[in-house]
Amino acid sequence: MRGLRFGLFLLGVPVMVLVSGCGSPYGPAFDTSGEGGSSTTNTGDGGSGGDIFTTSSTGDGGSGPVCEGECHLWKSALFEDLSMFWIGPGKAPPCPGNAPAPGVTLHADPQPSPMICPACSCASSGCALPEEMHVSAAKCPGIGAPSISWDSPAWEGACTSDGAIAPGLVCSGVPCTQSITIAAPSVEPCAAVSDGPEVKPDPGWGLTAQECILGPLSGDGCGGSEACVPSPPEGFSLCLYRWGDDLTPDQCPAEYPRYLVAYADEDDTRACEPCSCAAPQGGECSALVSVFTDGGCSALLASYTITSAMDSACVDVPPGVGLGSKDATLTVSKPGSCAPSGGPVGGITPTLPLTLCCQPDPDPTP
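Residues numbered from 1 in each chain as written. Predicted model: local features only at pLDDT ≥ 70, side-chain atom pairs only at ≥ 80, totals over all residues. Heavy atoms only, no water.

## So, the nonpolar core
Reasoning step 1: By size, the foremost hydrophobic cluster in this structure holds 22 residues, and its most contacted members are Leu-82, Met-84, Leu-214, Leu-217, Val-229, Leu-238 and Tyr-256.
Reasoning step 2: Counting 17 residues, the second-largest nonpolar core is a separate cluster that includes Trp-150, Trp-155, Val-291 and Val-315. (Core = buried A, V, L, I, M, F, W, Y, C linked by side-chain atoms within 4.5 Å. Buried < 20%, exposed > 50% of the residue type's maximum accessible area, 1.4 Å probe, protein only.)

## Section: the confidence of the model for the protein
Reasoning step 1: Per-residue confidence for the protein averages 83 on the pLDDT scale, and 81% of its residues sit at or above 70.
Reasoning step 2: Segment residues 6-61: pLDDT under 50, and 74 contacts once partners within four positions in sequence are set aside and those in other chains are kept. (pLDDT = per-residue confidence, 0-100. Contact = heavy atoms within 4.5 Å.)

## Comments concerning empty space enclosed by the protein
Reasoning step 1: Within this structure, the stated rule accounts for one cavity of 30 Å³ or more.
Reasoning step 2: Taken as a whole, the largest cavity holds about 50 Å³ of empty space.
Reasoning step 3: If you go around the largest cavity, the residues you meet are Ile-180, Ile-182, Val-289, Val-291, Ala-302, Ser-303, Tyr-304 and Val-315.
Reasoning step 4: Residue assignment for the lining of the largest cavity shows that the elements contributing at least two residues are β10 (179-183), β18 (284-292) and β19 (300-307). (1 Å grid on protein atoms, 1.4 Å probe; cavity = no way out; pocket = protein on both sides within 12 Å on 5 of 7 lines; lining within 4 Å. Points joined across faces, edges and corners; volume = space filled by probe spheres on them. Helix = DSSP H or I, 4+ residues; strand = E, 2+ residues; numbered from the N terminus.)

## Structural notes on the state of the cysteines
Reasoning step 1: Applying the stated rule across the entire model yields 13 disulfides.
Reasoning step 2: Note on cysteine connectivity: Cys-239 is disulfide-linked to Cys-358, with sulfurs 2.0 Å apart. Judged by the torsion about the S-S bond (105°), the Cys-239/Cys-358 disulfide is right-handed. One end of the pair, Cys-239, is in strand β15 (residues 236-243); the other, Cys-358, is in strand β23 (residues 348-358), and 119 residues separate them in sequence. Assigned by exposure class, Cys-239 and Cys-358 land together as buried. (Disulfide = S-S within 2.5 Å.)

Okay, here's the thing in structure tokens:
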């Protein structure tokens, strides 16, 4: 069976005819006038050999083979073979009866066909109470002095006696409690919200080129570089082809002026980038933090208001005082907004190019 030797090409063994030398870039000279100007008649004189496509196309008295189809240029140094194609938008029709077996399907003119990704949005941000606190054995700022952690992870502000520090505790010969450093409340990140399915559409193409495989070709009854080929029905064309995209339109023979580069495969990198949210903007948080000498948040020692615009706050306390409990309340909680990101990325890159030089489009039917 003939047709594009696509499997061989994929294995890295493209079939090409390379001819060097002088003369026409399309191989041996050939006569299209029908007068046999450059064809010769096989005389059968001693079986001297020669070009197998040097045959008589005149049908003169049965002295040579007669083409029952049409004679068209076949052999050319620039092309690999001749085949029949349907070229147009959309899906190709079935192959015709005189070339019924479909060959390779190619495409050209890629169209935008991005991924359909879930809609991405960001919920409003919120405020989180201070979680980090430490007690220092020096007055504010207390940097470098011995310290005791008094953190409350995921604290919601309710009164807690966790980590209470007994009065009179000594650190390195001095009272452990002389100041308290409190971290600022924070504007929390926005939560990313994805809504909808993820769908990868079929690749979109403006043109389809469908090969319909011709039977074994022969030059019998035609000129030396021609083949006897069945006539293409309406909508189909004969095309010389060559794998690759290194030919230019002016290298198409006169009989096959319609130039097209089509592709047998594609590199599909389409995907959906995960939905995410940028850092919150415009949020504002303030918290009132209070510490107590007893374990039930009734004997107030000190209170301090700290905002999200600050890094931290330091409060001096009487040296050696006991720290029994603490509580906190958000006094300002203005949520910020976040810009969403994510969605379709990547695209379709055509691969495995095939250059076609085809017969011209037929004139429109009146």
